[in-house]
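Overview (structure and organization)
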Amino acid sequence: MSNEKLRVAIIGCGSLGHVYAKFYSSLPNVKIVALAERNPGRLKHVGKQYNIRHLYLDADALFSDMVPDIAVVVTPSKFYKDSVISAAEAGVRGVSTDKPLEATLSNADAMVEACAKRGVIFSGGALIKATPEIQETASWIHKGKLGKLIGAAVLDWSREISGAG
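Bear in mind the structure is a predicted one, so any value in this text is a computation, not a measurement.

Let us now look at the packing of aromatic side chains. Here the structure, examined in full by the defined rule, presents 2 aromatic pairs. Look at Phe23 and Tyr24: their rings are 5.7 Å apart centre to centre, the planes differ by 75 degrees, and that puts the pair in the edge-to-face class. Overall, Tyr24 belongs to the buried group, its relative accessible area being 11%. Grouping aromatic residues by their ring pairs yields a cluster made of Tyr20, Phe23 and Tyr24.

Next up, the structure:
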């Protein structure tokens, strides 16, 4: 296995951008190489907090300057489509969004088609499943350590992420 780190760009530096930056910066096989955010103050703040030098006011500027391995699009979801398609067209290998993926089926289809056409791995709302706490809990369930499971509610970040919702 290569020691080379996956290069990640995060598009969107709001509250979810912080969550994703914190998570990705904790992974030993990942380096956040760039941020894109329309709010210059927020962009500068997150860049400084995570020591990221390459800062852009939009995804197109980022992708015209570099092509990361992974693009994480966590703007408000109504803006996902353009950034996801730009990432796919730029040659990014994987694109991740949060949820909801889209409000309209036609926009969701356009993102899926743009990624599929170029062989780009595309996922939405999957970050929470990768956290160490969720992975550890899942392993307990699979190993039967919790007994017969008849229901569950998983809490994280001060809210329920799985269960009744």
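On we go.
It is worth spelling out the layout of surface pockets at this point. Quantified by volume, the largest pocket comes out at close to 380 Å³. Surrounding the largest pocket, 22 residues form its lining, Ile11, Arg38, Thr75, Phe79 and Ser83 being those nearest its centre. Only α1 (15–25), α3 (59–65) and α4 (80–90) provide two or more residues apiece to the lining of the largest pocket. Looking at side-chain class alone, the lining of the largest pocket contains 9 nonpolar, 7 polar and 6 charged residues.

Let us look at the packing of α4 against helix α5 (residues 105–118). Contact geometry for α4 and α5: axes closest at 9 Å, N-to-C directions at 10 degrees. As judged from the angle between their axes, α4 and α5 are roughly parallel. Contact residues: Tyr80, Lys81, Val84, Ile85, Ala88 and Glu89 in α4; Asn107, Ala110, Met111, Ala114, Cys115 and Arg118 in α5. When its residues are assigned to classes, the contact of α4 with α5 shows 8 nonpolar, 1 polar and 3 charged.

With that settled, the discussion passes to a nonpolar patch on the surface. A contiguous nonpolar surface patch, about 340 Å² in accessible area, is contributed by Trp140, Ile141, Leu146 and Leu149. Relative to the helices and strands, Leu146 resides in the loop between α7 (132–142) and β7 (154–156). We classify Leu146 as partly exposed; its relative accessible area is 47%.

Burial of nonpolar side chains together is a common tendency in soluble globular proteins. Core analysis: the biggest nonpolar cluster contains 23 residues, and Ile11, Ala34, Leu62, Phe63 and Val95 have the highest contact counts within it. Of all the elements in the fold, those that place two or more residues in this core are β1 (6–11), β2 (30–36), α3, β4 (70–73), α4 and α5. Top element by residues in this core is α4. It accounts for 5 residues. Sequence-distant contacts of Ala34, defined by excluding residues within four places in its chain, comprise Val8, Ala9, Ile10, Ile52, His54, Tyr56, Leu62 and Met66. With 17 residues, the next largest nonpolar core counts Tyr24, Ile32, Leu43 and Tyr50 among its residues.

About the thresholds
- Residues numbered from 1 in each chain as written.
- Predicted model: local features only at pLDDT ≥ 70, side-chain atom pairs only at ≥ 80, totals over all residues.
- Heavy atoms only, no water.
- Phe/Tyr/Trp six-rings, centres within 6.5 Å; stacked < 30°, edge-to-face > 60°.
- Buried < 20%, exposed > 50% of the residue type's maximum accessible area, 1.4 Å probe, protein only.
- 1 Å grid on protein atoms, 1.4 Å probe; cavity = no way out; pocket = protein on both sides within 12 Å on 5 of 7 lines; lining within 4 Å.
- Points joined across faces, edges and corners; volume = space filled by probe spheres on them.
- Helix = DSSP H or I, 4+ residues; strand = E, 2+ residues; numbered from the N terminus.
- Nonpolar A, V, L, I, M, F, W, Y, C, P; charged D, E, K, R; others polar.
- Axes fitted to C-alpha atoms, helices over the stretch in contact; angles between N-to-C directions.
- Parallel < 35°, antiparallel > 145°, perpendicular 65-115°, else oblique.
- Contact = heavy atoms within 4.5 Å.
- Patch = residues over 30% accessible without salt bridge, like charges linked within 9 Å, V, L, I, M, F, W, Y side chains within 5 Å.
- Areas by Shrake-Rupley, 256 points an atom, 1.4 Å probe, with all protein chains shown as cover.
- Salt bridge = Lys/Arg side-chain N within 4 Å of Asp/Glu carboxyl O.
- Core = buried A, V, L, I, M, F, W, Y, C linked by side-chain atoms within 4.5 Å.

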